[in-house]
Amino acid sequence: MRCDTAGCGRPAPRAVIMDGRWVEVGDGVFARRYRELDLTVGLVLGGERALVVDTRGDARQGVEWAAAVRALIALPLVVAITHAHFDHCFGTAAFRPCPVFAHPACRAAIVATAAAQRAEWSAYYRDRGDDDTAAALACTDPPLPDAAAPTVLDLGGRTVALAHPGRGHTDHDLVVHVDDVVFAGDLVEQGAPPSVGPDSVAAEWPGTLDALLALRPRVVVPGHGDPVDAAFVAEQRDGLA
């Protein structure tokens, strides 16, 4: 489905003023915080490329996020998707044609669930009276990741590790480790309990957080909420256990 006359009959999504704010969590490492769903996405700067962590929840939101990145830097981009839930990957088209990486099972999960996610969450936004977001999401056909994430990504003078520490929030959670910062996706949430859904593997989640903590992060950037420290993650692990 495309947002054009031949698709859903509405004009293509345009960038809009939204409420994102930058949070510097390391040297050249940034989180961007959004009020909508309390979402947190990321940006890692290298000498030759920059890595975008997650792409937000629909085509319109992706355009805004890409514009925020471009207002900050002009480097070539690469994208890493932490998992297949709509709020983390439906905005990917705005970053094309850059490479998009994810865990191999993420691609299959998007194929299998995108239509159901689109229907469920469009209805959610309509019920809230947010017709603009409902319409943008209803028109969004998320591009698929290009390839399995490499273990190490060279950004030019800086390497980033892309790792699957285990199953938890989904069976394909990907974390981004750079210096002493870890972008954890929805393996970690701040401001709300971890979201255990039908595609979660709750029994393995505490062990996956053990693997994340073994990276010895100073800062952990959750998929939702403000950046936290290792002690917060340990407490969330214990609660899950």
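Above this note sits the structure.
Residues numbered from 1 in each chain as written. Predicted model: local features only at pLDDT ≥ 70, side-chain atom pairs only at ≥ 80, totals over all residues. Heavy atoms only, no water.

K.L.:
Got a minute to help me understand the overall build of the protein in this structure?
P.N.:
Tallying secondary structure elements over the protein gives six helices and 12 strands in all. Against the globule reference of 18 Å for 241 residues, the protein gives a C-alpha radius of gyration of 17 Å, in line with a compact fold. Along the first, second and third principal axes, the C-alpha atoms of the protein reach 50 × 40 × 30 Å. Sorting the 241 residues of the protein into buried and exposed places 51% on the buried side. (Helix = DSSP H or I, 4+ residues; strand = E, 2+ residues; numbered from the N terminus. Rg over C-alpha atoms; globule rule 2.2 N^0.38 Å. Buried < 20%, exposed > 50% of the residue type's maximum accessible area, 1.4 Å probe, protein only.)

K.L.:
I tried to follow the sheet that holds strand 10 (residues 175-178) on my own but got confused; where do I start?
P.N.:
By definition, the strands of a sheet pair up through backbone hydrogen bonds, in either a parallel or an antiparallel sense. Strand order across the open sheet formed by five strands is 8-9-10-11-12, with mixed pairing between neighbours. The open sheet has two edge strands, strand 8 (152-154) and strand 12 (219-224), and neither has a second partner. In this sheet, adjacent strand axes meet at a mean angle of 30° when their direction is disregarded. Each of strand 10, strand 11 (181-189) and strand 12 is contacted by helix 5 (residues 205-213), which is oriented at about 170° to strand 11, the strand it contacts most. Along the sheet, helix 6 (residues 230-240) makes contact with strand 11 and strand 12, crossing strand 11 at roughly 25°. (Pairing = 2+ DSSP bridges. Axes fitted to C-alpha atoms, helices over the stretch in contact; angles between N-to-C directions. Contact = heavy atoms within 4.5 Å.)

K.L.:
Can you help me understand the sheet that holds strand 3 (residues 40-45) in this one?
P.N.:
Here seven strands make up an open sheet; going across it, the order is 1-2-3-4-5-6-7 and the pairing mixed. Sheet topology places strand 1 (21-26) and strand 7 (147-148) at the edges, where each strand pairs with a single neighbour. Looking at chain direction, strand 1 and strand 2 (residues 29-33) are connected through five bridges and run antiparallel. When the bridges of strand 2 are listed, Arg-21 appears paired with Arg-33.

K.L.:
Teacher, can you tell me more about the packing of aromatic side chains here?
P.N.:
Scanning the entire structure with this criterion turns up eight aromatic pairs. With a centroid separation of 5.7 Å and 50° between ring planes, the pair formed by Trp-22 and Trp-65 is classed as tilted. In this pair, Trp-22 sits in strand 1 while Trp-65 sits in helix 1 (residues 59-72), placing the two residues 43 residues apart along the sequence. Judged by its relative accessible area of 0%, Trp-65 is buried. Clustering of aromatic rings is evident, with ring pairs tying together Phe-86, Phe-90, Trp-121, Tyr-124 and Tyr-125. Over the aromatic face of Trp-22 sits the side chain of Arg-32, whose NZ or CZ is 5.0 Å from the ring centroid. Over the face of the ring belonging to Tyr-34 we find Arg-56, whose NZ or CZ atom lies 3.5 Å from the ring centre. (Phe/Tyr/Trp six-rings, centres within 6.5 Å; stacked < 30°, edge-to-face > 60°. Lys NZ or Arg CZ within 6 Å of the ring centre and 35° of its normal.)

K.L.:
Looking at this structure, how should I read the layout of surface pockets?
P.N.:
Gaps between atoms show up when a probe of the same size as a water molecule is rolled over them. By volume, the largest pocket is sized at about 520 Å³. Lining the largest pocket are 23 residues, with His-85, Asp-87, Gln-117, Trp-121 and His-169 sitting closest to its centre. Mapped onto the lining of the largest pocket, the elements with two or more residues apiece are helix 2 (86-89), helix 3 (104-127) and strand 11. With eight residues, the single largest contributor to the lining of the largest pocket is helix 3. Across the lining of the largest pocket, the residue classes break down as nine nonpolar, nine polar and five charged. (1 Å grid on protein atoms, 1.4 Å probe; cavity = no way out; pocket = protein on both sides within 12 Å on 5 of 7 lines; lining within 4 Å. Points joined across faces, edges and corners; volume = space filled by probe spheres on them. Nonpolar A, V, L, I, M, F, W, Y, C, P; charged D, E, K, R; others polar.)

K.L.:
Can you help me understand the nonpolar core in this one?
P.N.:
It is characteristic of soluble globular proteins that their nonpolar side chains tend to be buried jointly. Leu-43, Val-52, Trp-65, Val-69, Leu-77 and Phe-95 are the most contacted members of the largest nonpolar core, which has 30 residues in total. Secondary structure elements with two or more residues in this core: strand 3, strand 4 (50-53), helix 1, strand 5 (77-80), helix 2, strand 6 (100-102), helix 3 and helix 4 (131-138). Judged by nonpolar contacts, the second largest core, of 21 residues, contains Val-23, Ala-31, Val-44 and Leu-174. (Core = buried A, V, L, I, M, F, W, Y, C linked by side-chain atoms within 4.5 Å.)

K.L.:
Hey, could you run me through the pairing of strand 2 in this one?
P.N.:
In regular strands, side chains alternate between the two faces of the sheet. The buried fraction of strand 2 is high, at five of five residues. Alternating residues of strand 2 divide into Val-29, Ala-31 and Arg-33 and Phe-30 and Arg-32, and every residue in both groups is buried. Between the antiparallel neighbours strand 1 and strand 2 lie two residues, among them Gly-28 with a positive phi of about 70°. The hairpin formed by strand 2 and strand 3 contains six residues between the paired strands, and Leu-37 there has a positive phi angle of roughly 60°.

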